[in-house]
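Residues per chain are reported as follows:
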Amino acid sequence: MSNRISRIDTTIDNHIYVWSTIPSFAPMAEILRNSREILVKKLRDLTERQGTKGSCAQDAVRLFLINFALERMAGEITPEHFTIFRDTETVEVILEDSYGIQCRADRDDILIPHQNEALKILIQCLFHRAKAADEKDILSFLHMFSIKKPEVRPDQDRTMRLRSMIWFIYLAVEIVKTEQAVCSKGLEYFRNKFRELLDHTIDGTIIDEESRFPGFEEGRWEKTLFGWLQGEDRREFAIKLRRQFNMENRLEHVNRCLLADHRRCILVQVMALFCKMSTGREK
């Protein structure tokens with residue numbers, strides 16, 4: 001046990017040293033420095049539970065440290081984080097219709113729900129493979145979500161991917177909240193349902209605007225984010241968004257669009273968090 005703790009201590013020290021030498025990452029090093037006691041315990045439990053050695057164990061520890069630091073540096077999710085294709089007005093109208101606003105004396109704020117869960121999912125699924133968590137990914141995340149902004153300019157492709165992941169997360173959450181059967185039917189059903197709903201949104205059939213009858217599946221999706229994405233004035237935006245999700249796994253713009261691993265990870269994490277929450281409410 002003492003050897004294990006010694007190795008964990010050394011790993012934490014190495015990360016603190018390396019991150020301290022990079023100005024943009026220095027706040028992450030400070031988080032590790034101030035959290036050593038809890039980090040040692042969590043990493044001890046992690047390495048004992050996984051029982052891995054060598055490079056696999058090192059990758060798991062590195063990934064944990066990145067996630068731990070970024071979760072504590074993340075601020076709040078705002079409408080700006082949903083804004084892609086420079087279409088601020090469309091995004092704000094969709095979010096306001098879907099989530100409502102909070103009126104303040106000096107301004108009105110759009111209410112973005114599930115922020116803690118969404119940020120946790122975003123971090124886990126962006127950095128779910130330790131070797132893929134490169135400097136550009138971390139810098140782009142810090143630029144978007146940290147109060148302490150790095151001075152280095154973010155990679156625009158990575159930033160676009162982050163914004164697309166935010167949309168994918170919130171659309172996935174809408175599915176679980178609206179159709180609890182997703183929790184028992186599994187990942188493949190969830191994946192197909194997501195694709196089906198996005199297609200109906202673009203085709204304009206979530207809401208039947210041509211008659212007084214309910215739309216797709218008796219109108220159950222009309223008040224969801226999918227329903228608010230529908231509309232002739234929003235169709236182009238929805239088409240571009242679907243392209244960013246990269247359902248066909250295109251190879252062009254590999255750093256800009258979501259990959260199959262990102263989509264799968266998000267669906268799995270949404271089920272893990274929101275199916276559990278739903279079960280808890282039912283009990």
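What this report covers is the structure whose coordinates are included nearby. Keep in mind that this is a model prediction, so the values were computed, not measured. (Residues numbered from 1 in each chain as written. Predicted model: local features only at pLDDT ≥ 70, side-chain atom pairs only at ≥ 80, totals over all residues. Heavy atoms only, no water.)

### Topic: the overall build of the protein
Applied cut-off: By the criteria applied, helices consist of DSSP H or I runs no shorter than four residues and strands consist of E runs no shorter than two, each listed in order from the N terminus. Every radius of gyration here is taken over C-alpha atoms, with the globule rule written as 2.2 Å times N^0.38, N being the number of residues. Type-normalised accessible area, obtained with a 1.4 Å probe on protein chains alone, sets the label of each residue: buried when under 20%, exposed when over 50%, and partly exposed for intermediate values. Residues are treated as being in contact if the distance between any of their heavy atoms lies within 4.5 Å. Accessible surface is estimated by sampling points in the Shrake-Rupley manner with a 1.4 Å probe; for residues, cover comes only from the protein chains shown. For the charge count, each Lys or Arg is scored as positive and each Asp or Glu as negative, with His and the chain ends excluded. The atoms used to mark charge sites are NZ of Lys, CZ of Arg, CG of Asp and CD of Glu.
When helices and strands are counted, the protein shows 14 helices and 2 strands. At 21 Å, the protein has a C-alpha radius of gyration in line with the 19 Å of a compact globule built from 283 residues. Judged by the C-alpha coordinates and their principal axes, the protein covers about 70 × 45 × 40 Å. Counting over 283 residues, the protein shows a buried share of 46%. Contacts spanning at least 24 positions in sequence make up 67% of the contacts within the protein whose residues lie at least 6 apart. Of the accessible surface of the protein, which amounts to about 15,000 Å², a share of 48% is contributed by carbon and sulfur atoms. Here the protein contributes 44 positive and 44 negative side-chain charges, whose respective centroids are spaced 8 Å apart.

### Topic: helix 8 (residues 135–145)
Of all the 11 residues making up helix 8, 8 are buried; the element is thus mostly covered by neighbouring parts of the structure. Here helix 8 has its buried residues at Asp137, Ile138, Leu139, Ser140, Phe141, Leu142, Met144 and Phe145.

### Some remarks on the state of the cysteines
Rule in force here: We call a pair of cysteine sulfur atoms a disulfide when they lie within 2.5 Å.
Scanning all chains against the criterion turns up 2 disulfides. There is a disulfide in this structure between cysteine 125 and cysteine 265, and the S-S distance comes to 2.2 Å. Every disulfide takes its handedness from the sign of the S-S torsion; for cysteine 125 and cysteine 265 that torsion is -80°, giving left-handed. Taken together, the residues span a long stretch of sequence, with cysteine 125 in helix 7 (residues 115–126) and cysteine 265 in helix 14 (residues 260–282) at a distance of 140 residues. In this pair, the class of cysteine 125 matches that of cysteine 265, namely buried. Each sulfur in the disulfide pair cysteine 183 and cysteine 275 lies 2.0 Å from the other. Linking cysteine 183 and cysteine 275, the disulfide has an S-S dihedral of approximately -90° and is accordingly described as left-handed. Highlighted residues: cysteine 183 in helix 10 (residues 181–185) and cysteine 275 in helix 14, separated in sequence by 92 residues. A residue is classified by how much of its surface remains accessible, and cysteine 183, at 27% relative accessible area, is partly exposed. Lacking any disulfide linkage, cysteine 257 is separated from the closest cysteine sulfur, that of cysteine 125, by 17 Å. By relative accessible area, cysteine 257 is classed as buried at 2%.

### Topic: the packing of helix 9 (residues 156–178) against helix 13 (residues 235–245)
Short version of the rule: The axes used here are C-alpha line fits, helices contributing only the stretch in contact, and every angle between their N-to-C directions lies in the interval 0 to 180 degrees. For classification purposes, an angle smaller than 35 degrees is called roughly parallel, one larger than 145 roughly antiparallel, one from 65 to 115 roughly perpendicular, and anything else oblique. When residue character is reported, Ala, Val, Leu, Ile, Met, Phe, Trp, Tyr, Cys and Pro are called nonpolar, Asp, Glu, Lys and Arg charged, and the others, Gly included, polar.
Here helix 9 crosses helix 13 at 105°, and the two axes come no closer than 10 Å. By the angle between their directions, the pair helix 9 and helix 13 is classed as roughly perpendicular. Contacts from Met160, Ser164, Trp167, Phe168 and Leu171 in helix 9 reach Phe237, Leu241, Gln244 and Phe245 in helix 13. Its residues placed into classes, the contact of helix 9 with helix 13 shows 7 nonpolar, 2 polar and no charged.

### Notes on the pattern of salt bridges
Convention followed: Salt bridges are identified by distance alone: a Lys or Arg side-chain nitrogen within 4 Å of an Asp or Glu carboxyl oxygen.
Scanning all chains against the criterion turns up 20 salt bridges. Among the ionic contacts, a cluster of salt bridges with common partners joins Glu179, Lys193, Glu196, Glu217 and Arg220.

### Observations concerning the packing of aromatic side chains
We apply this condition: Stacked, edge-to-face and tilted labels apply to pairs of Phe, Tyr and Trp rings (six-membered ring for Trp) whose centres lie within 6.5 Å, assigned for plane angles under 30 degrees, over 60, and everything in between, in that order. Two conditions define a charge located above a ring, namely a distance within 6 Å from the ring centre to NZ of Lys or CZ of Arg, and an angle within 35 degrees of the ring normal.
For the structure on display, the rule yields 12 aromatic pairs. Consider the rings of phenylalanine 168 and phenylalanine 245, whose centres lie 5.0 Å apart with planes at 85°: the pair is edge-to-face. Of this pair, phenylalanine 168 sits in helix 9 while phenylalanine 245 sits in helix 13, and the two are 77 residues apart along the sequence. Here phenylalanine 168 and phenylalanine 245 have matching classes, each one buried. One aromatic cluster is present, built from ring pairs that chain together Phe82, Phe85, Tyr99, Trp167, Tyr170 and Phe237. Positioned above the aromatic ring of phenylalanine 68 is the side chain of arginine 72, whose terminal nitrogen or guanidinium carbon lies 3.5 Å from the ring centre.

### Some remarks on the side chain of threonine 159
By the element assignment, threonine 159 lies in helix 9. Each residue touching threonine 159, except ones within four places of it in the same chain, is listed here: Ser140, Met144 and Pro154.

### Describing the layout of surface pockets
Stated precisely, the cut-off is as follows: A cavity, in this analysis, means grid points on a 1 Å lattice covering only the protein atoms where a 1.4 Å probe fits yet has no way out; a pocket is instead an open set bounded by protein on both sides within 12 Å along at least five of seven lines, and a residue lines either one if it has an atom within 4 Å of a point. Grid points are joined across faces, edges and corners, and a volume is the space filled by probe spheres set on the points.
Reported here for the largest pocket is a volume of approximately 480 Å³. As for the largest pocket, its lining consists of 17 residues, and the residues nearest its centre are Leu46, Leu63, Phe64, Asn67 and Gln124. Of all the secondary-structure elements, those providing two or more residues to the lining of the largest pocket are helix 3 (36–50), helix 4 (54–73), helix 7 and helix 14. Counted by class, the lining of the largest pocket contains 6 nonpolar, 5 polar and 6 charged residues.

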